[in-house]
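Geometric and topological summary
Each chain, letter by letter, is given below.
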Amino acid sequence: MSQDAKKRVTDIGPPHYEKFLPEMVKKNYGKWLYHEILKPGVMVHVAESGDKLFTVRTGNPRLVSIHTIRDMCTLADKYSNGNLRFTSRNNIEFLLTDEANIDPLIADLKAMGFPVGGIGNAISNIVHTQGWVHCHSAATDASGIVKNVMDALCDKFESMSLPGKLRIALACCLNMCGAVHCSDIAILGVHRRPPRINHGILSNICEIPSVVASCPTAAIRPTTVNGKQSVEVNEDQCMFCANCFTVCPAMTLSDPLNDGVSIWVGGKVSNARHEPMFSKLAVPFIPNNPPYWPEVVETVSKLVELWAANAHKYERMGEWIERIGWPRFFELTGIEFQKEHIDDFKHAGLSFKRSAHLRF
Ligand code: SF4
Ligand code: SF4
């Protein structure tokens, strides 16, 4: 092996996270005593050494310009020794060592139009996917809906007035890049028709074996149409997932009339009080209605208001529904029970392991 080959540095894998830890976190690693919430969007971690690390959390729209990122970095340089982090729900958290910097930082963030909150019994930032901005298989938009829903619920981000934590997620198709399977309220884009096949070009631009192999339900078979090699879809087997469109642009799935949004409720990841729960279908279909999505905003807001008015302290949406029962949930919300609500994945929700607890 040559000397050059030995020296070769690859970019496989992320750098070790320890490189990015703030000095105070490195110093007190594994030695934190407790944390507490001081006010909306602000908490403190206290270490055995007596060190205190203050966190200020702000919401952001996730798809941000380089200018916004520079603005955030400037604030971090000014108030938190250059330390900030993006949470898994796309909140931005500033990690401060000087308590006196908290209020000036919050004032600067608010002056820039960024809300501060999302900690404790509040809605956190809405985690979401690419939508029409970027992804090829989107059945609905992501950023547009999230902006409108968050505008309606922003006071519940900035305060801690809710009974418990509220997590909302959006995925723009059922591949679910967003964490919609385990959120209190999930907004999920749905296609409702099988792909439309362009037999004229399919064999020119797609590899037929790859197209056949791409279908998770084995609904696609090779065939010949007008003397050209192509594929056919068994429509009864199609679950409108768009995997075939991912590998073959001649199998268009997007459909302005039949694509839209479904709403799911009652998921959670935490092990507190109750083991993790999957979200379950509440509203099977709401048509796409950009740019303000009034039907989605109204439905989500109503679900939040009902839960906030009826849940016990710390009760998550799924725990509340489990306590009152699904029939009562449908009565309270006025959502019509339809055939889509009948779960045909028998016992799946019961047999999947959901708890992080291990028993031997
Ligand atoms: Fe693309 Fe679907 Fe992921 Fe949205 S959820 S980004 S449409 S794969
Ligand atoms: Fe198969 Fe999904 Fe394509 Fe339907 S949309 S044919 S289920 S890959």
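Now for a quick tour of the structure. Please read all numbers here as calculations on a predicted model, not as lab measurements.

Topic: the overall build of the protein chain
Each helix and strand counted, the protein chain has 12 helices and 14 strands in total. Each principal axis of the C-alpha distribution contributes one length, and for the protein chain these read about 75 × 75 × 50 Å. The buried share of the protein chain, taken over its 360 residues, is 45%. Residue pairs in contact within the protein chain that sit at least 24 positions apart in sequence constitute 65% of those at least 6 positions apart. Entry remark: accessible area of the protein chain is about 19600 Å², with carbon and sulfur atoms responsible for 55%. The positive charge centre, built from 38 side chains, and the negative charge centre, built from 37, are 4 Å apart in the protein chain.

A look at the site of ligand 1
Every residue near ligand 1 is listed here: Thr129, Gln130, Cys135, Ser137, Ala138, Cys172, Cys173, Asn175, Met176 and Cys177. The residue inventory of the shell around ligand 1, partitioned by class, reads six nonpolar, four polar and no charged.

A few points about the site of ligand 2
With respect to spatial proximity, the complete set of residues near ligand 2 consists of Cys215, Pro216, Thr217, Ile220, Val233, Cys238, Met239, Phe240, Cys241, Ala242, Asn243 and Cys244. Here ligand 2 is seated within the largest cavity. The residue inventory of the shell around ligand 2, partitioned by class, reads 10 nonpolar, two polar and no charged.

Examining the sheet that holds strand 5 (residues 92-96)
Pairing is antiparallel in the open sheet, where five strands are placed in the order 1-2-3-5-4. Edge strands, defined here as strands with exactly one partner in the open sheet, are strand 1 (32-39) and strand 4 (84-86). On average, each strand axis in the sheet is tilted by 25 degrees relative to the strand beside it, whichever way the strands run. Taken together, the five bridges between strand 2 (residues 42-47) and strand 3 (residues 52-58) define a ladder with antiparallel strand orientation. Among the inter-strand pairings, Val44 is bridged to a residue of strand 3, identified as Phe54. Taken strand by strand, helix 3 (residues 66-79) contacts strand 4 and strand 5, and its axis lies near 15 degrees from that of strand 5.

Describing empty space enclosed by the protein
A full pass over the atoms with the stated rule returns two cavities of 30 Å³ or more. Taken as a whole, the largest cavity encloses approximately 100 Å³ of empty space. Lining the largest cavity are 15 residues, and of these Cys215, Ile220, Cys238, Cys241 and Cys244 lie nearest its centre. Across the lining of the largest cavity, the residue classes tally to 13 nonpolar, two polar and no charged. By volume, the second largest cavity amounts to about 30 Å³. Every residue lining the second largest cavity is listed: His136, Ser137, His191, Phe245, Thr252, Leu253 and Ser254.

Things to note about unusual backbone geometry
The omega angle of the peptide bond from Pro290 to Pro291 is 5 degrees, so this bond is cis rather than trans. Backbone geometry places Ala218, a non-glycine residue, at a positive phi of 55 degrees. Assignment of secondary structure puts Ala218 in the loop between helix 7 (208-214) and strand 10 (220-225). Using a relative accessible area of 54% as the deciding quantity, one classes Ala218 as exposed. The residue Arg273 is not glycine, and still its phi comes out positive at about 65 degrees. Structurally, Arg273 can be placed in the loop between strand 13 (260-265) and strand 14 (280-287). A relative accessible area of 55% places Arg273 in the exposed class.

Focus: the sheet that holds strand 7 (residues 168-171)
Strand order in the open sheet formed by five strands is 6-7-8-13-14, with mixed pairing between adjacent strands. Among the strands making up the open sheet, the edge pair consists of strand 6 (127-128) and strand 14. Bridge analysis of strand 13 against strand 14 gives five bridges, and the strand direction is antiparallel. Note that in strand 14 the partner of Trp264 across the bridge is Leu281.

Considering the state of the cysteines
Tallied over the full model, the rule gives one disulfide. Between Cys206 and Cys248 runs a disulfide, and the two sulfur atoms are separated by 2.1 Å. In this structure the cystine formed by Cys206 and Cys248 twists about its S-S bond by roughly 80 degrees; its chirality is therefore right-handed. One end of the pair, Cys206, is in the loop between helix 6 (199-205) and helix 7; the other, Cys248, is in the loop between helix 8 (243-247) and strand 12 (251-252), with 42 residues separating them in the sequence. Per residue, the accessibility class of Cys206 equals that of Cys248, and both read buried.

Focus on the packing of helix 9 (residues 294-310) against helix 11 (residues 326-333)
At a closest axis distance of 11 Å, the pairing of helix 9 and helix 11 adopts a crossing angle of 120 degrees. Taken together, helix 9 and helix 11 sit at an angle that is classed as oblique. In the packing of helix 9 onto helix 11, the handedness of the crossing is right-handed. Listed contacts from helix 11 to Lys302, Leu303, Leu306 and Asn310 of helix 9 are Phe329, Leu332 and Thr333. Grouping the constituent residues of the contact of helix 9 with helix 11 by class yields four nonpolar, two polar and one charged.

Definitions and limits used
Residues numbered from 1 in each chain as written. Chains lettered and ligands numbered in written order. Predicted model: local features only at pLDDT ≥ 70, side-chain atom pairs only at ≥ 80, totals over all residues. Heavy atoms only, no water. Helix = DSSP H or I, 4+ residues; strand = E, 2+ residues; numbered from the N terminus. Buried < 20%, exposed > 50% of the residue type's maximum accessible area, 1.4 Å probe, protein only. Contact = heavy atoms within 4.5 Å. Areas by Shrake-Rupley, 256 points an atom, 1.4 Å probe, with all protein chains shown as cover. Lys, Arg positive; Asp, Glu negative; His and termini not counted. Charge placed at Lys NZ, Arg CZ, Asp CG, Glu CD. Near = heavy atom within 4 Å. Nonpolar A, V, L, I, M, F, W, Y, C, P; charged D, E, K, R; others polar. 1 Å grid on protein atoms, 1.4 Å probe; cavity = no way out; pocket = protein on both sides within 12 Å on 5 of 7 lines; lining within 4 Å. Sits in = over half its atoms within 2 Å of the grid points. Pairing = 2+ DSSP bridges. Axes fitted to C-alpha atoms, helices over the stretch in contact; angles between N-to-C directions. Points joined across faces, edges and corners; volume = space filled by probe spheres on them. Disulfide = S-S within 2.5 Å. Parallel < 35°, antiparallel > 145°, perpendicular 65-115°, else oblique. Left-handed = near helix turned anticlockwise from the far one by under 90°.

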